[in-house]
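Reading the structure
Here is what each chain is made of, one letter per residue.
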Amino acid sequence: MTRAQKLQLRAAEIEARLAEIDGIATAQRGEALKAERTALNREMQDIPGKLAKALEAEASDASLRNDRDGDFAEMRSIVGRTSFGEFVANLADKVPHEGALAELMQHYDLDRNFVPIDLLRGDVRMAATPPPAEVAQTEQPVLMPVFAEGDAAYLNVVSPMVPNGDVSFPVLETRPTVAGPYGDSTEVAETDGTISATALPPLRAQAAFSYRRTDNTRFPALSESIRSALASGLREKLDADFIAQVVADVPRVAASAADTFDSVRKRFVYDILDARFARMESSLKVLCGTETLSDWSALFRGAQGDVSAVESLRRLVGGVMLSDHIAAAVSDKQDVVIRLGSRRDAVMPVWRGTEVIFDEITRARFGDIVLTAVIQYNRKIVRPAGFRRIEAQHA
């Protein structure tokens, strides 16, 4: 059983126990039950964040399992022994890649200035920088920008690395018609299979930092921080584009009235379960905006209710997470994206890897260094039935 599955199982256990406690009249609950209920609610609030990290790790693991040599354990070991910072430092110092990094690039057959996508999937490891010995001031760790990333991983989106050329992901649209049972020679008609495939060409996303060579000398952690920011910025861009693709490919289910406690549970859970893509509540994952989450937090069942709509959802589904990439509410209405199951219903291919360009020439007369990162990718919802886009209404 994977860590994500264990977390989902634990969420179901907590939900069942909370239901038992809630079945007891409030006046009849002793201090022990009240304390247990509080502890369970706190544990339930922590599960979505832990689950998102576990699923992101498993998505990375799955991509490595699909590598052409299939040696998953060895690949994980190689990736764990290198970093994006080491890659860029080699470019800056004009030295060849060695050790685990060279092995990883050889595995993917990458040119010297293409970074393997595996080094961008997780957190970039920051090298510890000792304080300058001859400087009176002590350099503190660089405070990084806060990036909104992780949406695609949370929604179980596959991100394979593909070679040059357009790429297509065919989908067999038709299930076979199974006839019978027969005990004679009754003829069984064949099923006409329908396959759909959309060719995806590479698209380009690019970011660059320019910084003074003198600042790089004064602050040893500067270049490493810039590398980390570029990697996180690219991941955030891919997440934002994926949510935009959901909006383009998945039709919206419009709201007709302001949501209530009961309508949130019905519209965002029980109207979606379909016995194929999502056969149980924990198969659903909810991604929403801050305004919607705030509205759900104030919806209760009856005047005496002590469980909000969002608390109830967290007990039912596989996760409720905020996204900065969902458009802000308009006229008290905002989209909510829901993932059904974890099948390969959406893809975000990346071509070869991320190209990193270390440029000391273009702005040399200003004493500047320019570090550019370019990623070629695309995204597509190949099976829209694996997603829902439902409009929440706040008033």
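Attention here is on the structure that accompanies the text. (Residues numbered from 1 in each chain as written. Predicted model: local features only at pLDDT ≥ 70, side-chain atom pairs only at ≥ 80, totals over all residues. Heavy atoms only, no water.)

Some details on the pairing of strand 13 (residues 350-359)
As a reminder, the rule being used: Summary of the burial criterion: residues with accessible area below 20% of their type's maximum are buried, those above 50% are exposed, and those between are partly exposed, where the area comes from a 1.4 Å probe applied to protein chains only. Helical segments are the DSSP runs of H or I of at least four residues, strand segments are the runs of E of at least two, and each set is numbered from the N terminus. Strand pairing is defined by DSSP finding a minimum of two bridges between the two strands.
Most of strand 13 sits inside the fold, with seven of its 10 residues counted as buried. Sheet analysis places strand 2 (residues 161-162) next to strand 13, joined by two bridges and oriented parallel. In the strand pairing of strand 13, Val162 is matched with Trp351.

Thoughts on helix 12 (residues 309-316)
With respect to burial, helix 12 is a largely interior element, seven of its eight residues being buried. Along helix 12, the positions that sit buried rather than exposed are Ala309, Val310, Ser312, Leu313, Arg314, Arg315 and Leu316.

Topic: the environment of Leu51
Note on placement: Leu51 falls in helix 2 (residues 31-65). Classification of Leu51 as buried rests on a relative accessible area of 1%. Once the C-alpha coordinates of Leu51 and Arg3 are considered, the two residues, 48 residues apart in sequence, prove to be 8.0 Å apart.

Observations concerning unusual backbone geometry
Put simply, Gly180 and Pro181 share a cis peptide bond, and its omega is 5°. Locating Pro181 in the fold gives a position in the loop between strand 4 (171-172) and strand 5 (195-196). Its identity as a non-glycine residue notwithstanding, Asn156 has a phi of 60°, on the positive side. Positionally, Asn156 belongs in the loop between helix 7 (151-154) and strand 2. Of note, the phi angle at Ala275 is positive, near 65°, even though the residue is not glycine. Along the chain, the position of Ala275 falls in the loop between helix 10 (261-270) and strand 9 (284-288).

Here we look at the environment of Leu172
Applied cut-off: Contacts: residue pairs with any heavy atoms within 4.5 Å of one another.
Counting through the fold element by element, Leu172 comes out in strand 4. When its relative accessible area of 55% is taken as the criterion, Leu172 is described as exposed. In sequence terms Leu172 and Ala197 are 25 residues apart; their C-alpha atoms lie 8.9 Å from each other. Excluding residues that lie within four positions of it along the chain, Leu172 makes contacts with Gly193, Thr194 and Ile195.

What about the packing of helix 11 (residues 290-297) against helix 12?
Our working definition: The angle between two axes is taken between their N-to-C directions and runs from 0 to 180 degrees, where each axis is a line fitted to C-alpha atoms and a helix contributes only its stretch in contact. Roughly parallel means an angle under 35 degrees; roughly antiparallel means over 145; roughly perpendicular covers 65 to 115; every other angle is labelled oblique.
Interaxial distance between helix 11 and helix 12 falls to 6 Å at its minimum, and their mutual angle equals 100°. Put simply, helix 11 runs roughly perpendicular to helix 12. Listed contacts from helix 12 to Leu293, Trp296 and Ser297 of helix 11 are Ala309, Val310, Leu313 and Arg314.

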